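# Analysis of the macromolecular model
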Amino acid sequence: MSGDAHLRLGLIGIGKTGRTYLTALKSLKDAGLLNIEINAVSDVNESNLTKTAREFDVPLVYDDYMDLINDSNIDVVYICTPISKHADMVKQAAKANKAIHCEKPIAHSCPQVRELNAVAKASSVPTSAGLMLRYDPFLLYAKHLVKNNDFGKPILAHVRDDQQFPLDREEYAQWRSDSSVPGGGILLHQSIQDIDVLDWFFGEIVNVYAKVGFYSDLGVEDQASLIMKHKDGTTSTLDSIWHNLERSNERKIEFFFEKGFIEITLESGSTHLDYHLQGEGPIRVHPENTEQVLLEHLHLNSNNLALNIHEPLSDAGMNKHLALSYSFLKAIQSGETPSPNFQEAVLPHRIVDAAYESANMNAPLDIL
Ligand SMILES: NC(=O)c1ccc[n+]([C@@H]2O[C@H](COP(=O)([O-])OP(=O)(O)OC[C@H]3O[C@@H](n4cnc5c(N)ncnc54)[C@H](O)[C@@H]3O)[C@@H](O)[C@H]2O)c1
């Protein structure tokens, strides 16, 4: 594809995440930022399917996802179903030569992700992985700060990711009765994104030591603590927990460098970034200051943007879906490689697998 080629999209799975993508994609189209059409949706929940298609003005509905994949009116397939459905859908979409966005986690294990990456490569179809924290405006702002200031060498990174149990979602509800689903609690489903962020900031992780805890009756870990060593010598620590507490979900990310400190609080009621460079006072950055960095990252000029795109761009529940999709679809149109793609998803999956292995062995593990 080249230039601003018209892309026809189909979404499989229109639950919580699929709906957010539909809203984000519609905003991109309505604002004239992308030459796209949302042509089809598929879901096994028929009443939701009909209702959502009507709401988003989507002409084609399929209760069988194979019909969407094989529809010649579809160029790009979004897979927003539970993890256990991803592999077959990715394989079929690659076979049908469709560009693929697949939500994270891509699969239950790293070998499966490698296989899906190989299948997509063999069909030469562009891929996109839902590791969307790479499009978080605050994390992009932190990248921008580090690039444009002398923070010195990174020393220590810490992420604390606490979330309420996502029991409203099909896959989690199923776990209660499905003991065949191995491992794969908070670390795989939630904190794979944190691991991706740590890798994105500090480079290759070469060693991991993990402990996991099982405090609920779900049969999957609901607490995980990891110590990781990066190739450049930086140490990262990660603490993740699913809980039933009445508090907002929160990701707290702290980066210590030789000459500075960055702290980012995401998803809670008080999303912000604080940074402190040696010799200067602490500075707090609020959401409105981060939009510019996100736009620059997407090569967009705020002066030329339609007014109706600013609201979704500043909506923390949607802006990452919007930015990731814009970047993915623009890359397809211009013949570039989208990022993050399946190849880039292999490493965080490798670290998650190694962390489970480390916890089982109760020993640190080198990442080979
Ligand atoms: N990137 C992120 O930040 C993020 C956040 C939340 C969820 N997710 C991921 O998104 C995916 C979906 O999660 P969710 O929260 O939207 O779940 P959900 O349960 O709300 O939605 C899943 C939908 O898939 C549908 N579905 C199931 N099997 C299907 C099939 N065979 N064909 C068509 N539709 C089918 C279900 O009916 C449901 O509507 C998961 O992989 C999850 O890990 C990503």
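Up top is the structure these notes are about.
Source: prediction; values computed, not measured.

## Regarding the packing of helix 6 (residues 137-148) against helix 9 (residues 192-202)
- The geometry of helix 6 relative to helix 9 is characterised by a closest axis approach of 11 Å and an angle of 20° between their N-to-C directions. As summarised for this structure, helix 6 and helix 9 are arranged roughly parallel, according to the angle between their axes. Judged by the twist between their axes, the crossing of helix 6 over helix 9 is right-handed. When helix 6 is examined against helix 9, the residues Leu139, Leu140, Ala142 and Lys143 are found in contact with a partner set consisting of Val197, Trp200 and Phe201.

## As for the environment of Phe56
- Looking at where Phe56 falls in the secondary structure, it is placed in the loop between helix 2 (46-55) and strand 3 (60-62).
- Its relative accessible area of 9% is what places Phe56 among the buried residues.
- Put simply, Phe56 and Leu322 are 266 residues apart on the chain and 16 Å apart in space, counted from C-alpha to C-alpha.
- Ignoring anything within four residues of it in the chain, the contact list for Phe56 reads Arg19, Leu22, Thr23 and Lys26.

## Notes on unusual backbone geometry
- Along the chain, Lys104 connects to Pro105 via a cis peptide bond; the corresponding omega equals -15°.
- Relative to the helices and strands, Pro105 resides in the loop between strand 5 (99-102) and helix 5 (110-122).
- One non-glycine residue, Ser124, lies in positive phi territory at about 55°.
- Looking at the element boundaries, Ser124 is found in the loop between helix 5 and strand 6 (127-129).
- With a relative accessible area of 63%, Ser124 lands in the exposed category.
- For His299, which is not glycine, the phi torsion reads 60° and is therefore positive.
- The class for His299 is exposed, based on a relative accessible area of 74%.

Definitions and limits used
Residues numbered from 1 in each chain as written. Predicted model: local features only at pLDDT ≥ 70, side-chain atom pairs only at ≥ 80, totals over all residues. Heavy atoms only, no water. Axes fitted to C-alpha atoms, helices over the stretch in contact; angles between N-to-C directions. Helix = DSSP H or I, 4+ residues; strand = E, 2+ residues; numbered from the N terminus. Parallel < 35°, antiparallel > 145°, perpendicular 65-115°, else oblique. Left-handed = near helix turned anticlockwise from the far one by under 90°. Contact = heavy atoms within 4.5 Å. Buried < 20%, exposed > 50% of the residue type's maximum accessible area, 1.4 Å probe, protein only.

Read these as layout, nothing more, since geometry by itself doesn't imply function.
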